[in-house]
Amino acid sequence: MSEFSDRRVVQALIRSAQPPSREQRERFVKFVAHNYSGEIRLSWDKEESITDGFILQVGSDLYDWSLEGRIQQMKEAIENVADEPGVPITTLIRQKIESFQLEAMPREVGRVLTVGDGIATVDGLSGAAYGEILVFENGIRGMIQDLRKDYIGCVLFGDDGQILAGSRVYRTHRQAGVPVGSSYLGRVVDALGEPIDDQGPIRADDYMPLEIAAPGIIDRQAVNEPMETGLLCIDAMFPIGRGQRELIIGDRQTGKTTIALDTILNQKGNGVICIYVAIGQKNSSVAQTVKILSEHGMMDQTIVVVSSASDPVPLQYIAPYSGTAMGEYFMNQGKDVLIVYDDLSKHATSYRTISLLLGRSPGREAYPGDIFYLHSRLLERSAHLSDEMGGGSMTALPIVETQAGDVSAYIPTNIISITDGQIFLESDLFFSGQRPAVNVGLSVSRVGGSAQTKAMKSATGTLRLDLSQYREMQVFTQFDSDLDDLTKAQLAYGQSLMQLLRQSQHSPLSMEEQVVVLVCALGHKLQNYPLEEVRDVRARLLQGMKDRYPLIMNEISEGYKLTQELREAILLACDEILKE
Ligand code: ATP
Ligand code: MG
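Residues numbered from 1 in each chain as written. Chains lettered and ligands numbered in written order. Predicted model: local features only at pLDDT ≥ 70, side-chain atom pairs only at ≥ 80, totals over all residues. Heavy atoms only, no water.

Colleague: Would you mind showing me how to read the overall build of the protein here?
Modeller: Secondary structure summary: the protein contains 18 helices and 20 strands in total. Summarising its shape, the C-alpha atoms of the protein cover approximately 110 × 55 × 45 Å along the three principal directions. The 580 residues of the protein split such that 50% are buried. Accessible surface computed for the protein: about 27700 Å², of which carbon and sulfur atoms make up 51%. Charged side chains of the protein number 55 positive and 77 negative; the gap between the two group centres comes to 3 Å. (Helix = DSSP H or I, 4+ residues; strand = E, 2+ residues; numbered from the N terminus. Buried < 20%, exposed > 50% of the residue type's maximum accessible area, 1.4 Å probe, protein only. Areas by Shrake-Rupley, 256 points an atom, 1.4 Å probe, with all protein chains shown as cover. Lys, Arg positive; Asp, Glu negative; His and termini not counted. Charge placed at Lys NZ, Arg CZ, Asp CG, Glu CD.)

Structural data, given as structure tokens:
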């Protein structure tokens, strides 16, 4: 019977321009024997490109003693110099260089099997993990998105045309993440956190993973503070609270972005940090948004994360995670954050593209089966943290585009069920001039009510009910010319309410202004004006209140209850102002 040897064979390959001398070979064997157990088989490959030194490859580990490798190690050492308060950076770098020693660190290397469409498959990296960053020979980075038995699927963050099949890939042992910090405020960055606004490099305070578990129940508290949008039709009927996730949904060109943008503008000066994530949009639309933000002086509390339609698909896919990681940095410091994802339909499309390219089987509407889980993982990270956790919050306004108002399509139903409510925008309303085009019947906010201020809550009164009665009556009386007086009066009242809810873009109303308008409108003070005058009357009323009744305005803004006296004082003031 022949004897089986259980000794493993260790294949060690030396690559260099010149063959190693005998003495060098012995040193290599000693080194390998020290680090690996088994029978060592040493071989040599001529590689002209290695100008000086050697590269030793053992299995999928790579020890780089070439000139380039040594320079790379030195570079990494300098890049990782940590700040020390009070010590100039030049001193720290000098110390690092003086104490620098080349280490024989193994780097796991793999080989590119195929590359194309922003995806590469790689073999040889047996220890690599999902979500880990890989570096390709030419410096392009990628993220592992697929782990198979024989190979790894990786999405690329750069131009795949520069990667060749057969070239080497290195592990970084680092989960994909983005640099974060307060210097990011006021900046426009890409999905990897690199500035794209020509204002120079950004100094990061930290590096946060793209994917992280959402805060658990114990770490959260109920939503109890309002996140005011400044839009009467939303704050009055569908109030949003800090930490809530409210979907903005509607067909294309129905004012979705405008609502999100107006909400950001309404945060001016109140310390809320705003993050606007543009996914798969045209660069010109993003430029327009950034222009509006800077014109209103909002950029210094805003970060804009852009992955435009012309960026590689993987960057569009990770953009919302980058924005969320940047938001979490502030939320964990106890600050309030507002994040807008514009829009998640395009995000879903990018994930579908990646999944199909990775060879996953398509499900409903060709989306991969885990698309629901993907979005719920993302939106779950918006929270109102408990006081022990610092009390910070992150409010999410995801945007979804529908086709011909179809909310029962796959992605809309998914996100409707993940969020705490939706603002539904309608093309018909939009084109009839009712802007913001909020459909009062289909919109809802499930948790924001408890966050409304006392005055606002009691001022809203029967608004939603009145409007739904009006809508019903409108349908019934559509073809009826012979109406009784009561019906006519109710229709006129409803129409004036609808007029009052119209609001031009980028002109937010403060909470006290909204309360005044609501009290007067529901007190039937504004219904006897011709419809086209209603908005002018509203403007006159608000100007008059500001100029002549600052005490009333103060009382509301300071959070007092809307008592019967206060209500009467407002109605009286309204009569006085509109008398002239
Ligand atoms: P897209 O589907 O292209 O992303 P969208 O739904 O985000 O469109 P917006 O870009 O917000 O829509 O708005 C479409 C147009 O309507 C813009 O030109 C905007 O200026 C205008 N608009 C939006 N809201 C209002 C408003 N309240 N008053 C007047 N114009 C408005
Ligand atoms: Mg838009």
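Colleague: Can you walk me through the site of ligand 1 in this structure?
Modeller: Around ligand 1 sit 14 residues in total, of which Gln253, Lys256, Thr257, Thr258 and Gln505 are the nearest. Interatomic distance of 2.9 Å between a backbone N/O atom of glutamine 503 and a nitrogen atom of ligand 1. Notes on ligand 1: free accessible area 630 Å², of which the protein chains cover 72%. At a threshold of 2 Å from the grid points, most atoms of ligand 1 map onto the second largest pocket. Residue contributions to the shell around ligand 1 peak at three residues, all from helix α5 (residues 256-265). For the shell around ligand 1, the per-class residue count stands at two nonpolar, eight polar and four charged. (Near = heavy atom within 4 Å. Polar contact = N/O pair within 3.5 Å; in protein donor to acceptor, adjacent residues only side chain to side chain. 1 Å grid on protein atoms, 1.4 Å probe; cavity = no way out; pocket = protein on both sides within 12 Å on 5 of 7 lines; lining within 4 Å. Sits in = over half its atoms within 2 Å of the grid points. Nonpolar A, V, L, I, M, F, W, Y, C, P; charged D, E, K, R; others polar.)

Colleague: Mind showing me how you'd approach helix α18 (residues 564-579) here?
Modeller: One turn of an α-helix holds 3.6 residues; hence residues three or four places apart share an orientation. Between its terminal C-alpha atoms α18 stretches 22 Å, which fits the 22 Å expected from 16 residues at 1.5 Å a residue. Along α18, the positions that sit buried rather than exposed are Leu566, Ile570, Ala573, Cys574, Ile577 and Leu578. All buried residues of α18 fall inside an arc of 120 degrees around its axis, so they share one side. With respect to the buried face of α18, the exposed residues turned more than 90 degrees away are Glu565, Leu572 and Lys579. Contacts made by the buried residues of α18 are with α15 (511-522), α16 (534-548) and α17 (550-557). (Expected span 1.5 Å × (residues − 1). Arc of directions from axis to C-beta. Contact = heavy atoms within 4.5 Å.)

Colleague: What's the story with the layout of surface pockets in this structure? I'm lost.
Modeller: It is the rolling of a water-molecule-sized probe over the atoms that shows where space remains empty. Roughly 880 Å³ of internal volume is contained in the second largest pocket. Every residue lining the second largest pocket is counted, 35 residues in all, and those nearest its centre are Gln253, Gly255, Lys256, Thr257 and Thr258. When contributions to the lining of the second largest pocket are tallied by element, the ones reaching two or more residues are α5 and α6 (283-295). In terms of residue count, the dominant contributor to the lining of the second largest pocket is α5 (six residues). Tallied by class, residues from the lining of the second largest pocket come to nine nonpolar, 15 polar and eleven charged. (Points joined across faces, edges and corners; volume = space filled by probe spheres on them.)

Colleague: When you look at the environment of glycine 523 in this model, what are you seeing that I'm missing?
Modeller: With respect to the helices and strands, the residue glycine 523 is situated in the loop between α15 and α16. When its relative accessible area of 31% is taken as the criterion, glycine 523 is described as partly exposed. Excluding its chain neighbours within four sequence positions, the residues that come into contact with glycine 523 are Leu518 and Leu571.

Colleague: Where do I start with the packing of α16 against α18 in this structure?
Modeller: Relative placement of two packed helices is described by the angle separating their axes and the distance separating the axes. As a packed pair, α16 and α18 sit with axes 9 Å apart at the nearest point and diverge in direction by 110 degrees. As summarised for this structure, α16 and α18 are arranged roughly perpendicular, according to the angle between their axes. Viewed along their axes, α16 and α18 form a crossing whose handedness is right-handed. Side by side, α16 and α18 meet where Val537, Arg540, Leu541, Gly544, Met545 and Arg548 of the first sit next to Ala573, Cys574, Glu576, Ile577 and Leu578 of the second. Of the residues belonging to the contact of α16 with α18, the class tally is seven nonpolar, one polar and three charged. (Axes fitted to C-alpha atoms, helices over the stretch in contact; angles between N-to-C directions. Parallel < 35°, antiparallel > 145°, perpendicular 65-115°, else oblique. Left-handed = near helix turned anticlockwise from the far one by under 90°.)

Colleague: Is there a simple way to think about helix α13 (residues 463-476) in this case?
Modeller: Given a rise of 1.5 Å per residue, 14 residues ought to cover 20 Å, and the 20 Å separating the end C-alpha atoms of α13 matches this to within 8%. Taken residue by residue, α13 has Leu463, Asp466, Leu467, Tyr470 and Met473 as its buried positions. The arc enclosing the buried residues of α13, seen along the axis, measures out at 125 degrees, which places them on a common side. Away from the buried face of α13 by more than 90 degrees, exposed residues Leu465, Glu472, Val475 and Phe476 are located. Those residues of α13 hidden inside the fold are in contact with α4 (232-237), α12 (454-460), α14 (485-501) and α15.

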